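# Observations on the three-dimensional arrangement
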Amino acid sequence: MRPVVRRPTRLRLPRPRPRWFGIAFILTWSLIPLYWTLNVSLQTDAQVGTRPAHYLPPAPTLRNYQALLTGPGDVPGQIRRSAVNIVVECGAATVVTVVLATLAAYAFARMRFRGRGVLFYGVLGTMALPAYATLIPLYRLMSMLGLVNTYTGIVLVYASGFLPLATWILHNYMASLPLAIEEAAMVDGASRLQVLWRIVLPLAVPGIISTTIITFLSAWGQFLFPLVLSSDISSQPLTVVITALQGRHEVPYALLSAAGILAITVPAAIAVSLNRYIVSGLLAGSVK
Amino acid sequence: MFILGLAIVPAVYTLAQSFFRVQELDPPTRFNGLDNFRALLTNPNVQGSALNTVAYVVIGVTLSTVLGIVMALTLQHRFRGRPVLIAAMILPWALPGVVEGIVWSGIWDANTGLFNSALTSFHLIDHYQVFLGGNRFLTILLIEIVQVWQLTPLSALLVLAALQNIPGDLYEAAQLDGCSAWRTLTRVTLPLVRPGIAVAMVQSLIATLNVFDQPYVLNGAAETGASVTMQTYFISFQNLDFGQGYALSLLITVVTLLASFVVVKVVYRQVEF
């Protein structure tokens, strides 16, 4: 007689329930440091100095933000100029990177040409190198070309640094799109360019959004490269200027906190509102 | 024309990259033979920072992996508010490292910091302490916590992605065999997410071996927390000794590649369901 293997009809699986400890941990760990900076930025210097500290701003004031955004003087001027710089540099670097990565990813995913494999792995191979290993040669190249202290120099360096990952994410995305539609379009007489523009791009929009966000956030977070590539305020991004202020002891911590909050507003807003695209993009980029 | 353009863009890019690699071996390094390396290895600042970096790597990889697994397990099943929690979790990943340094300097600060204030409020310490720059190990631990704050979200996502590939029947089977929750975790869940853990460990390994922003902001050039990447910066751009800078970057690159390879060999196992 064969043993009868049968599933019990009433199997009690552990009900998937939220784990309160983990949830409390994630919220505390991620948000308390940011809350604290916000809290300090809404206080006066005297309030910041009390012991124990105020866990809530006793009389919330926007004077630190006002001082930075509209006030006169050296420090606010530098903050405002470097805020413009970081937006221009990250915006331009993102556009350049995403456009080139889209073209390259399409070529690698769909076209056959000599040396394709070598090129593709050459581009990807650069991702394995720590970024800082290229710092010195890049600096010397940029100073040879006279591009130190220019937007162009920083945008070129960012684009070269972020292209491999962007290409990789988009390549994976495009390779997963169904080939049949493109073939049908080709049969109907569409050119490569038309196929890319009319069919592949609209389908690849989610992948392009992910790549755009990840590239922009990476550019916004840069510090050492712009520190080396820009020695004056003409091209220094906000990250470099804030760090320089932090080293100067006459800049009060409440003001510095307000500057910090200003510097994280843009990436925080992007991360919170578009996190779905970040998650899918990061996972597509990390499966090596 | 267009195909040509498509082929040329990455080609030029790759060429440019290989040009940089060639530059790493250009005259200052080559004609000195091994002098640069000898000078580096006998430089007490470099030795000290190498030791610091080892501590950063050990603390950082361990903490971010463990915390990443905890976060991923928390998010494994769907529940109300899970998307909000994921948004909160990702936040530290998206912020600039130096600004995170400034955010956390408000916590570790000796005069106004939250940590001092909270410990005093709970009567754990009598008066405010200096945490950064005093005790070397404590300094490194507190700085690395800041970097772990930035690295853990990606680790958690990588482990979470692997978790969601585990078929539900395996849990049913474990349940039928009478496995406790802990045994299910250590015998079923963790072995099956090894590939995800390996990738998470490699990303935090590369980041911690090259840590720069957090110690630079929180502790300046002080020997108690300087990392090897910071030495590269000081040697190249303050002492203007590019030859030694190249040599040190080359060493860091080699160590990074070797260490990544070892992690993948040890942790990565192809799993089939």
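Residues numbered from 1 in each chain as written. Chains lettered and ligands numbered in written order. Predicted model: local features only at pLDDT ≥ 70, side-chain atom pairs only at ≥ 80, totals over all residues.

What follows is about the domain arrangement of chain A. Residues and elements named next belong to chain A. Along its sequence, chain A is organised into domain 1 (19-61) and domain 2 (73-286). Of note, the centres of domain 1 and domain 2, computed from C-alpha atoms alone, are 32 Å apart. Counting residues at the interface gives eight residues for domain 1 and seven residues for domain 2. For the side of domain 1 that touches domain 2, the secondary-structure elements that each account for two or more residues are helix H1 (20-41) and helix H2 (45-48). (Domains from an automatic or database assignment. Contact = placed C-beta atoms within 7 Å. Helix = DSSP H or I, 4+ residues; strand = E, 2+ residues; numbered from the N terminus.)

If you look at the biggest cluster of nonpolar residues, it comprises 149 residues, and the most contacted ones within it are Leu170, Leu224 and Ala259 of chain A together with Val159 of chain B. Here this core spans two domains, and each of domain 1 (19-61) and domain 2 (73-286) of chain A adds at least three residues to it. In this structure, Ala259 of chain A is in contact with Leu68, Ile79, Ile242 and Leu245 of chain A, ignoring residues within four places of it in sequence. (Core = buried A, V, L, I, M, F, W, Y, C linked by C-beta atoms within 7 Å. Buried ≥ 20, exposed ≤ 12 C-beta atoms within 10 Å, placed from the backbone.)

With that out of the way, let us pick up the environment of Thr152 of chain B. Residues and elements named next belong to chain B. Structurally, Thr152 is set in helix H8 (residues 136-163). Thr152 gets classed as buried once you count the C-beta atoms within 10 Å, which come to 28. In this structure Thr152 touches Ser64, Leu67, Gly68 and Met71, once residues within four positions along its chain are discounted.

On the chain B side, the residues contacting the 72 residues of chain A number 71 residues. Looking at the side of chain A that touches chain B, its residues break down into 53 nonpolar, 16 polar and three charged. (Nonpolar A, V, L, I, M, F, W, Y, C, P; charged D, E, K, R; others polar.)

In this section: unusual backbone geometry. Residues and elements named next belong to chain A. Pro52 follows Arg51 through a cis peptide bond whose omega is -15 degrees. Mapped onto the fold, Pro52 is located in the loop between H2 and helix H3 (63-70). Residues other than glycine seldom take positive phi values, yet Asn149 does so here, at roughly 65 degrees. Structurally, Asn149 can be placed in the loop between helix H6 (135-144) and helix H7 (151-175). With 17 C-beta atoms packed within 10 Å, Asn149 lands in the partly exposed category.

The next subject is the packing of H1 of chain A against helix H6 (residues 97-108) of chain B. Close contact between H1 of chain A and H6 of chain B brings their axes to 9 Å; oriented N to C, the two are set at 80 degrees. In terms of orientation, H1 of chain A and H6 of chain B fall into the roughly perpendicular class. Mapping the contact onto sequence places Pro33, Leu34, Trp36, Thr37 and Val40 of chain A in H1 of chain A and Val103, Trp104, Gly106 and Ile107 of chain B in H6 of chain B. Of the residues contributing to the contact of H1 of chain A with H6 of chain B, the split by class is seven nonpolar, two polar and no charged. (Axes fitted to C-alpha atoms, helices over the stretch in contact; angles between N-to-C directions. Parallel < 35°, antiparallel > 145°, perpendicular 65-115°, else oblique.)

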